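Coordinate analysis (summary)
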Amino acid sequence: ELKEIVFIIQSQSNSFHSKKAEDLKRDILKQAADLGKELPTVLLIHQMDGHEGAWTILPLMRDFSVTYGKNSSWIFFCEEDTRIQVVKLLETLGRFDESKEWFLGKALYDEESTIIHHYAFAENPTVFKFPDFAAGWALSIPLVNKLAKKLKSEPLKSDFTIDLKHEIALYIWQKGEGPPLTPVPEFCTDDVSSYKVDHCATTFSNFLPLCGEPVKKEDVFVAVKTCRKFHGDRIPVVKQTWEREAALIEYYSDYADISIPTVDLGIPNTDRGHCGKTFAILERFLNHSSPRTPWLVIVDDDTLISIFRLRKLLSCYDPNEPVFLGERYGYGLGTGGYSYITGGGGMVFSRTAVQKLLASKCRCYSMDAPDDMVLGMCFSGLGIPITHSPLFHQARPMDYPKGYLSHQIPVSFHKHWNIDPVKVYFTWLAPNTEESLNGKKVEYSREDL
């Protein structure tokens, strides 16, 4: 029965995202009403729980078990851009015995062991499957009850949440004591207009959001963090690739080099975190850039980014709101920690967010503290939610499953280890992949990378 499915939309509180989630909720309820069925429960995750860790889902398992453990059969999770054919979803779930422990989804796997998964399954990373959240994923209530019981007796240990879909699959699998992911072909990430979707219970809108005209080039100020030892190898890559997309860009270093040029902020380089440098950049943006520039992007000198795509994405956000956008990680969320935007993928701030941050007393506890984590802590203390976009990436393209990247139009990647960063940029991020380089057309196959 449809009323035995609890739908959980993995929503966010930013106005653009919450509206999309509300639209999806309305669509699910309308489909249910059109079927003449008793309406299912549809919940938005950002409304469910006061603490910061709701998006990591596991801390909510006990609530799910208490509230739905008696009268429901399935908890079905989806993203705000997942599209659901309710009739087909009912048919698909009906194939599985709901009295057993089931973990269902579209399977992703690593081609090679990767840093974002702590090099798990290094012998053969392809053996471990984890769900693509974009396609939706489901847990049977017996499994939810088992997880709730386990969480009650053994609190979550993980300090960091880096890739939630992989970490949830590991937690459920319990080194072979729990169920592995069962791949379900009806959970799809093809676009709803694709000829392939006739059998699909779910589809996914895989476009880069555009909510009107892209923001103007002059509305995005780009700050590149660098230091003297990287001027020779990393800065030339920026200049060969994405620098031309930025109207306003400055390079911040520990040494003024007029050939680049770099700005010496008077803050020595540190080997660990760069909190002092980042706060100096924030102060400079607020006090020395045009007050009409609504957006600031801070990137590392080995970040590869598409400013062209970012300008499209930013058309969906209101710069009068305090927006802090990028790839979300979590720290200590099982014990009331905080979320943060990981710096390597690029951190995007509305001027309003920078004003609120600097008006507060929250600052670095040391000059070499990790800047991204301190910013997460500060915004959390101010009650300003961070906004996650999966289009920003803290690692290289080969660190992510091909199936996951296949339904993305990425905004950034990070790191130059063992790759040709110029090639990666023109393959994945250039305004169109046949972008001309020095007047010559360049085409690369993503498969090469």
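To keep things clear, this report deals only with the structure shown in the data block. Source: prediction; values computed, not measured.

Rules used throughout
- Residues numbered from 1 in each chain as written.
- Predicted model: local features only at pLDDT ≥ 70, side-chain atom pairs only at ≥ 80, totals over all residues.
- Heavy atoms only, no water.
- Buried < 20%, exposed > 50% of the residue type's maximum accessible area, 1.4 Å probe, protein only.
- Helix = DSSP H or I, 4+ residues; strand = E, 2+ residues; numbered from the N terminus.
- Contact = heavy atoms within 4.5 Å.
- Disulfide = S-S within 2.5 Å.
- Pairing = 2+ DSSP bridges.
- Axes fitted to C-alpha atoms, helices over the stretch in contact; angles between N-to-C directions.
- Polar contact = N/O pair within 3.5 Å; in protein donor to acceptor, adjacent residues only side chain to side chain.
- Phe/Tyr/Trp six-rings, centres within 6.5 Å; stacked < 30°, edge-to-face > 60°.
- Lys NZ or Arg CZ within 6 Å of the ring centre and 35° of its normal.
- Patch = residues over 30% accessible without salt bridge, like charges linked within 9 Å, V, L, I, M, F, W, Y side chains within 5 Å.
- Areas by Shrake-Rupley, 256 points an atom, 1.4 Å probe, with all protein chains shown as cover.
- Salt bridge = Lys/Arg side-chain N within 4 Å of Asp/Glu carboxyl O.
- 1 Å grid on protein atoms, 1.4 Å probe; cavity = no way out; pocket = protein on both sides within 12 Å on 5 of 7 lines; lining within 4 Å.
- Points joined across faces, edges and corners; volume = space filled by probe spheres on them.
- Nonpolar A, V, L, I, M, F, W, Y, C, P; charged D, E, K, R; others polar.
- Domains from an automatic or database assignment.

1. Re helix H9 (residues 351-359)
Of all the residues in H9, the buried ones are Arg351, Thr352, Ala353, Val354, Leu357 and Leu358. Buried residues in H9 make contact with helix H7 (275-288), strand S15 (295-300), strand S20 (347-350) and helix H10 (371-381).

2. Concerning the state of the cysteines
Counted under the stated rule, the structure contains four disulfides. Linked covalently through their sulfurs, Cys211 and Cys316 form a disulfide whose S-S length is 2.1 Å. The S-S bond linking Cys211 to Cys316 shows a torsion near 90°; that makes this disulfide right-handed. With a gap of 105 residues between them, Cys211 in the loop between strand S11 (202-204) and strand S12 (220-225) and Cys316 in the loop between helix H8 (307-314) and strand S17 (324-326) connect regions that are remote in the sequence. For Cys211, a relative accessible area of 39% gives the class partly exposed. In the chain, the bonded cysteines, numbered by position in the sequence, are linked as 1-2, 3-5, 4-7, 6-8. Of all cysteine sulfurs in the structure, the one in Cys188 sits closest to Cys78, which takes part in no disulfide; the separation is 14 Å. Note on Cys227: no disulfide assigned, nearest cysteine sulfur contributed by Cys275 at a separation of 17 Å.

3. With respect to the environment of Pro261
Mapped onto the secondary structure, Pro261 falls in the loop between strand S13 (248-253) and strand S14 (262-264). Residue Pro261 is classed as exposed on the basis of its relative accessible area of 51%. The sequence separation of Pro261 and Tyr251 amounts to 10 residues, and the corresponding C-alpha distance is 6.9 Å.

4. Digging into helix H5 (residues 164-173)
Among the 10 residues of H5, seven are classified as buried, and the element is accordingly described as predominantly covered. Phi for Gln174, located one or two positions after H5, is positive at around 50°.

5. As for the sheet that holds strand S18 (residues 328-331)
Read from one edge to the other, the open sheet built from three strands follows the order S9-S18-S19, with strand pairing classed as antiparallel. The two strands at the open ends of the sheet, each matched to only one other strand, are strand S9 (160-161) and strand S19 (338-341). Here two bridges tie S9 to S18, and the two strands are oriented antiparallel to one another. Counterpart to Phe160 in the pairing with S18 is Tyr331. Contacts from H10 reach S9, S18 and S19, with the element oriented near 125° to S19.

6. Quick word on the side chain of Gln10
For Gln10, the location among the structural elements is in the loop between strand S1 (5-9) and helix H1 (15-34). A polar contact is formed between the side chain of Gln10 and the side chain of Trp137, at a distance of 3.0 Å.

7. Focus: the packing of aromatic side chains
Within the structure shown, the criterion is met by 24 aromatic pairs. Each ring, one from Phe160 and one from Tyr331, has its centre 5.0 Å from the other, and the planes form 55°; the classification is tilted. Linking Phe160 in strand S9 with Tyr331 in strand S18, this pair joins segments that are 171 residues apart in sequence. For Phe160, a relative accessible area of 32% puts it in the partly exposed group. By relative accessible area, Tyr331 is classed as partly exposed at 31%. Arg234 extends its terminal NZ or CZ atom over the ring of Phe230, reaching a point 3.5 Å from the ring centre. Stacked on the ring of Trp55, the Lys or Arg Arg328 has its end atom at 3.9 Å from the ring centre.

8. What to know about a nonpolar patch on the surface
A cluster of nonpolar side chains, Ile115, Tyr119 and Trp417, forms an exposed patch at the surface whose accessible area comes to about 300 Å². Locating Tyr119 in the fold gives a position in the loop between strand S6 (107-108) and strand S7 (130-131).

9. Thoughts on the layout of surface pockets
Any empty space left between the atoms is revealed when a probe the size of a water molecule rolls over them. In this structure, the largest pocket occupies an estimated 850 Å³ of space. Lining the largest pocket are 37 residues, with Asp300, Gly344, Gln394, His414 and Lys415 positioned closest to its centre. No other element matches H10, which puts three residues into the lining of the largest pocket. A breakdown of the residues in the lining of the largest pocket according to their chemical character gives 12 nonpolar, 11 polar and 14 charged. Counting residues domain by domain, the lining of the largest pocket receives three or more from each of domain 1 (2-204) and domain 2 (217-429). A volume near 690 Å³ is recorded for the second largest pocket. Elements supplying a minimum of two residues to the lining of the second largest pocket: S9 and H5.

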